[in-house]
Amino acid sequence: MEPQLAVEADALCRRYGRRWALVDVSLRLARGAALLVAGRNGSGKSTLLRVLATAIRADRGSGRILGHDLRSHTTQVRACTALLSHASYLYDALTALENLRIAARFLERDARDAALMPLLELVGLADRAHDAPVTFSAGMRKRLALARVLLKDASVVLLDEPYGQLDPPGFRLVDGVVRTLRARGATVLIASHQLARAGALCERGLVLEQGRLTWQGPANDLARSSGLEAAGLEEGA
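Residues numbered from 1 in each chain as written. Predicted model: local features only at pLDDT ≥ 70, side-chain atom pairs only at ≥ 80, totals over all residues. Heavy atoms only, no water.

Quick notes on the overall build of the protein chain
Put simply, the rule is: Secondary structure is summarised from DSSP: a helix means a run of H or I of at least four residues, a strand means a run of E of at least two, and numbering begins at the N terminus for each. Each radius of gyration is computed over the set of C-alpha atoms, and the globule rule expresses the reference value as 2.2 Å times the number of residues to the power 0.38. For every residue, the accessible area obtained with a 1.4 Å probe (protein chains only) is divided by the maximum for its type, and the residue is called buried under 20%, exposed over 50%, and partly exposed between those limits. Contacts are assigned to residue pairs with any non-hydrogen atoms lying within 4.5 Å of each other. All accessibility values rest on the Shrake-Rupley procedure with a 1.4 Å probe; residue burial counts only the protein chains present in the view. Working convention for charge: Lys and Arg count positive, Asp and Glu count negative, and His plus the chain ends are omitted. Where a charge lies is defined by one atom per residue type, namely NZ (Lys), CZ (Arg), CG (Asp) and CD (Glu).
Broken down by element type, the protein chain carries eight helices and ten strands. Relative to a compact globule of 237 residues, whose C-alpha radius of gyration would be 18 Å, the protein chain shows 17 Å and is just as compact. By principal-axis analysis of the C-alpha atoms, the protein chain measures approximately 45 × 45 × 40 Å. Relative to its 237 residues, the protein chain shows a buried fraction of 51%. Taking the contacts inside the protein chain whose residues are at least 6 apart along the sequence as the reference set, 65% of them involve residues at least 24 apart. For the protein chain, the exposed area adds up to about 11,200 Å²; of that, 49% sits on carbon and sulfur atoms. When the 32 basic and 25 acidic side-chain charges of the protein chain are each reduced to a single mean position, those positions are 5 Å apart.

Concerning the environment of D110
Which entries qualify depends on this criterion: Pairs of N or O atoms are called polar contacts if they sit within 3.5 Å, as long as, within protein, a hydrogen donor faces a hydrogen acceptor (for residues adjacent in sequence, only side-chain-to-side-chain pairs).
Tracing the chain through its elements places D110 in the loop between helix 3 (96–106) and helix 4 (113–122). Spatially, the C-alpha atom of D110 lies 9.5 Å from that of L151, the residues being 41 residues apart in sequence. Here D110 is in contact with A104, A115 and L116, once residues within four sequence places are set aside. Side chain to side chain, D110 and R112 meet in a polar contact 2.7 Å long.

A look at the packing of aromatic side chains
Using the following cut-off: Two aromatic rings from Phe, Tyr or Trp, using only the six-membered ring of Trp, form a pair when their centres are within 6.5 Å; if the ring planes differ by under 30 degrees the pair is stacked, by over 60 it is edge-to-face, and anything between is tilted.
Across all of its chains, the model carries one aromatic pair by this definition. Relative to F171, the ring of Y163 has its centre 5.4 Å away and its plane inclined at 80°; by these criteria the two rings are edge-to-face.

Concerning the side chain of K152
In this structure, K152 sits in helix 5 (residues 138–152). Other than its neighbours up to four places away in sequence, K152 contacts R78, A79, T81, A82, L107 and R109.

Quick look at the sheet that holds strand 10 (residues 212–218)
So the rule is basically this: Any two strands between which DSSP finds at least two bridges are classified as paired. Only the stretch in contact is used when a helix axis is fitted, and all axes are lines through C-alpha atoms; the angle between N-to-C directions ranges over 0 to 180 degrees.
Strand order in the open sheet formed by six strands is 6-7-8-3-9-10, with mixed pairing between adjacent strands. Strands with a single pairing partner mark the edges of an open sheet, and in this sheet they are strand 6 (81–84) and strand 10. For this sheet, the mean angle separating the axes of adjacent strands, direction not counted, is 15°. Direction of pairing for strand 6 relative to strand 7 (residues 156–160): parallel, over a ladder of four bridges. Opposite L84, over in strand 7, you have L159 as the bridge partner. In the packing of helix 5 onto the sheet, contacts are made with strand 6 and strand 7, and the angle to strand 6 comes to roughly 175°. Against the sheet, helix 6 (residues 168–183) makes contact with strand 3 (34–38), strand 7 and strand 8 (187–191), and its axis sits at roughly 155° relative to strand 8, the strand it touches most.

This is the structure:
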């Protein structure tokens, strides 16, 4: 029996002004699978994840998340997806704990300190729970944004450059988070330049170039077979 699909995209196109950021991108991803989305800066990785999360709309094409249409069922799509963006979108004047509390109430989750502190502990911010993100480094802000993603307990998780701004312990944190998400059955898409590291967490990979899908295959073959390794997009790039 063919596995149920978590993510379906058919000829997705997205334009910013006169420039096409996505051009006829199609993909299929089974429930519980993980996909590495790779490509040079400006290749369309972030745009693809934002379209799938319904943060922006495609200009052409169609897509479904867990069977919900991206255009006509945006509420359902947003209920089952979580997106870690480049921007943290934190409330800088509030504390880290208050940021999570607001998110928990919006999501109708347990907003008590006893439920939220373990998330801050997980991302290494328990000792800064009562400090405002305006005092945080870029890496600490990324950790708090990651805690907010985990709070949602989504079925499809889209991580846009999750290793960005992080130190080596932060890299290991992201690795562990992805493994935990997969262990509970979540579907994960990772857009990253960390090809070897992210590829080790995924079965499949794809490469975008100027908005076009140029390669698909096993994630552990991506760097070598897609040409990105020769281009310098590899671990540490």
